[in-house]
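Residues per chain, in single letters:
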Amino acid sequence: MNETARHRIVEKIRDLPTLPSTVAQIISVTNDPEASVEDLKKIIEADQVVAGRILRAVNSAYYGFPRQVDTLSKAIVILGFNNVRSIALSVSIMELFPMKSPNSFSYNQLWAHAVGVAHCARSIARVFNPRQTEQYFVAGLLHDIGLVAMNQCFPDDFINCYNSAIKQKRPLFEVEVERFEFDHADVSQFVADRWLLPSTLSTAIGLHHRPHEANDNDKIVYAIHTADIICKTMAFGDYGDNAPFSLDSIYKPAAKMIEITPEGPSGNLKKILAEDLKEAEGFVKLFN
Ligand SMILES: [Fe+2]
Ligand SMILES: [Fe+2]
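Rules behind the numbers
Residues numbered from 1 in each chain as written. Chains lettered and ligands numbered in written order. Predicted model: local features only at pLDDT ≥ 70, side-chain atom pairs only at ≥ 80, totals over all residues. Core = buried A, V, L, I, M, F, W, Y, C linked by C-beta atoms within 7 Å. Buried ≥ 20, exposed ≤ 12 C-beta atoms within 10 Å, placed from the backbone. Helix = DSSP H or I, 4+ residues; strand = E, 2+ residues; numbered from the N terminus. Domains from an automatic or database assignment. Contact = placed C-beta atoms within 7 Å. Axes fitted to C-alpha atoms, helices over the stretch in contact; angles between N-to-C directions. Parallel < 35°, antiparallel > 145°, perpendicular 65-115°, else oblique. Left-handed = near helix turned anticlockwise from the far one by under 90°. Nonpolar A, V, L, I, M, F, W, Y, C, P; charged D, E, K, R; others polar.

Here's the deal with the nonpolar core
Among the nonpolar cores identified, the biggest contains 88 residues, and Ile-54, Ala-121, Ala-139 and Ala-223 are the most heavily contacted of them. With 11 residues, the top contributor of residues to this core is helix H7 (residues 107-128). Here this core spans two domains, since at least three of its residues come from each of domain 1 (19-96) and domain 2 (97-288). Contacts of Ile-54, omitting those with residues within four sequence positions, involve Ile-44, Leu-72, Ala-75, Val-84, Ile-87, Ala-88 and Val-91.

Digging into the packing of helix H6 (residues 81-96) against helix H8 (residues 133-142)
At a closest axis distance of 11 Å, the pairing of H6 and H8 adopts a crossing angle of 25 degrees. The orientation of H6 relative to H8 falls into the category roughly parallel. For the pair H6 and H8, the sense of crossing is right-handed. Contact with H6, carried on its side by Asn-82, Arg-85, Ser-86, Leu-89, Ser-90 and Ile-93, involves Glu-134, Phe-137, Val-138, Leu-141 and Leu-142 of H8 and no other residues of that element. Split into classes, the residues belonging to the contact of H6 with H8 amount to six nonpolar, three polar and two charged.

Concerning the domain arrangement of the protein chain
Per the domain assignment, the segments making up the protein chain are domain 1 (19-96) and domain 2 (97-288). Computed from C-alpha atoms alone, the centre-to-centre distance between domain 1 and domain 2 is 23 Å. At the junction of the two partners, domain 1 supplies 16 residues and domain 2 supplies 17 residues. With eight residues, H6 is the single largest residue contributor to the side of domain 1 that touches domain 2. For the side of domain 1 that touches domain 2, the per-class residue count stands at nine nonpolar, six polar and one charged.

Shown next, in the form of structure tokens:
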């Protein structure tokens, strides 16, 4: 992102939610391979809203446990550390942003897409970078957060871009650049930087539509970019611009690295992805 664009974002995108300490701490546990179940439990217990939401999620029909799960310790035993961490991250991040859109842009569809991309990115990590699965999950969850910020700050200009993109069957980010001189991926990266997320994450978020600009962290950048397009082609969430994307839109070096064939994901990834996206579907239902 160039300096002018950054300056424009700072000027225009005001009143972004700050990152509550609970979320910051969950993310830091996420990035710490030494972190324990106890560490996670302590953080969640200190935040009644997040704790309550996790228990509600655990007790929802989706997980189908015969008996009430009434403590976090039980939830962690039953669901496992990774699942509780993913739920905690998702609920606490979603809590930050308004659920009601000021116009016809659908936040429900956007969240469905974000959850799909988070799970898909995690599947890719499970096959190609298993030590960093949760980082990929967080980056997937947040990659399009800039859309919410832009829609809240400029509801009229943004909805015009959105309608033009659909009408002209073009990717939304292209139309955004014409109107704003920056796109939602820049804003997502801006939010991630403001929240002091690790730069590997914020770069992957910022380059999801420009993977060719990646240099050092191409693995995670390629994963988020590819996960985004896979979810668009599968219509996993559709906030408006799925139509212009096909598997062919995946940047060639990324498709090669992740072994995406013209038919789609191959080998182990194909199987893992099917499982994870099924989980993602259940996840989306939890929040509707
Ligand atoms: Fe995007
Ligand atoms: Fe996306």
